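Overview (structure and organization)
The residues making up each chain are set out below.
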Amino acid sequence: MVTSTEAQLSDRREFYDRQKESQDKTCIMEKYTPGCAPAPGSWLELDEQERISLVETYHRVARIKLPNVTAHAAFHVIVENQIALNLEPVVRAMHRLRNQGLSRHDAIHAISSVVAEHLFDILKTDQNENPEASQASYYAAVERLTAAHWHKGEH
Ligand SMILES: [Zn+2]
């Protein structure tokens, strides 16, 4: 009796989640899947460490071999944050890359590569460049990003 009630409850919950997913085209936040955008509200409610560990878990469970899963996850989180915050150049880049045939996961990696280059430039130049100029150069690089550019790279 108890078990059947539990089963019914979990059926109902699954049905609700499925419905919610099809309405929002986003995922519930118990786990991270790069194939669909996390619901911005739920994603931004988590602290940075929780976001990183959700992303790490996805890559571990999927057995994706990475030199440094935490660093990889941190880049995912930076890009997901920018999408959740609706930063236009990044949102546009995501649409463009998807239209050019990249999976959402690969598009995240492509944008991550621009984030990585950008961070490297900031560290390398070691100057008190104003943050607006720095952000503008990041946005410009994201706007230039295409799937072809990504395939050509050594990623
Ligand atoms: Zn990844």
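None of these values were measured; they are calculated from a predicted model. (Residues numbered from 1 in each chain as written. Predicted model: local features only at pLDDT ≥ 70, side-chain atom pairs only at ≥ 80, totals over all residues.)

Section: the overall build of the protein
Broken down by element type, the protein carries eight helices and zero strands. Reading the protein from its N end, one meets helices and strands in the order α-α-α-α-α-α-α-α. A total of 155 residues make up the protein; the buried ones form 19% of that total. (Helix = DSSP H or I, 4+ residues; strand = E, 2+ residues; numbered from the N terminus. Buried ≥ 20, exposed ≤ 12 C-beta atoms within 10 Å, placed from the backbone.)

Details of the packing of helix H5 (residues 88-99) against helix H7 (residues 131-144)
Where H5 meets H7, the axes come as close as 9 Å, and the angle between the chain directions of the two elements is 15°. As far as their axial angle goes, H7 and H5 are roughly parallel. Note that H5 runs across H7; the crossing there is left-handed. Contacts between H5 and H7 involve Pro89, Val90 and Ala93 from the first element and Tyr139, Val142 and Glu143 from the second. Residues that form the contact of H5 with H7 fall into these classes: five nonpolar, no polar and one charged. (Axes fitted to C-alpha atoms, helices over the stretch in contact; angles between N-to-C directions. Parallel < 35°, antiparallel > 145°, perpendicular 65-115°, else oblique. Left-handed = near helix turned anticlockwise from the far one by under 90°. Contact = placed C-beta atoms within 7 Å. Nonpolar A, V, L, I, M, F, W, Y, C, P; charged D, E, K, R; others polar.)

Here's the deal with the nonpolar core
Counting 16 residues, the largest nonpolar core has Val90, Ala93, Met94, Ala107, Ile111, Val142 and Leu145 as the members making the most contacts within it. Among the elements of the structure, helix H4 (69-84), H5, helix H6 (104-125) and H7 are those that each provide at least two residues to this core. (Core = buried A, V, L, I, M, F, W, Y, C linked by C-beta atoms within 7 Å.)

Regarding H5
For H5, with twelve residues, the first-to-last C-alpha span of 16 Å sits near the 16 Å given by 1.5 Å per residue. Those residues of H5 that fall on the buried side of the exposure criterion are Pro89, Val90, Ala93, Met94 and Leu97. All buried residues of H5 lie within an arc of 140° about the axis, which places them on one face of the element. Residues Glu88, His95 and Asn99 are exposed on H5 and point more than 90 degrees away from its buried face. Of the residues flanking the end of H5, it is Gly101, one or two places downstream, whose phi is positive at about 100°. (Expected span 1.5 Å × (residues − 1). Arc of directions from axis to C-beta.)

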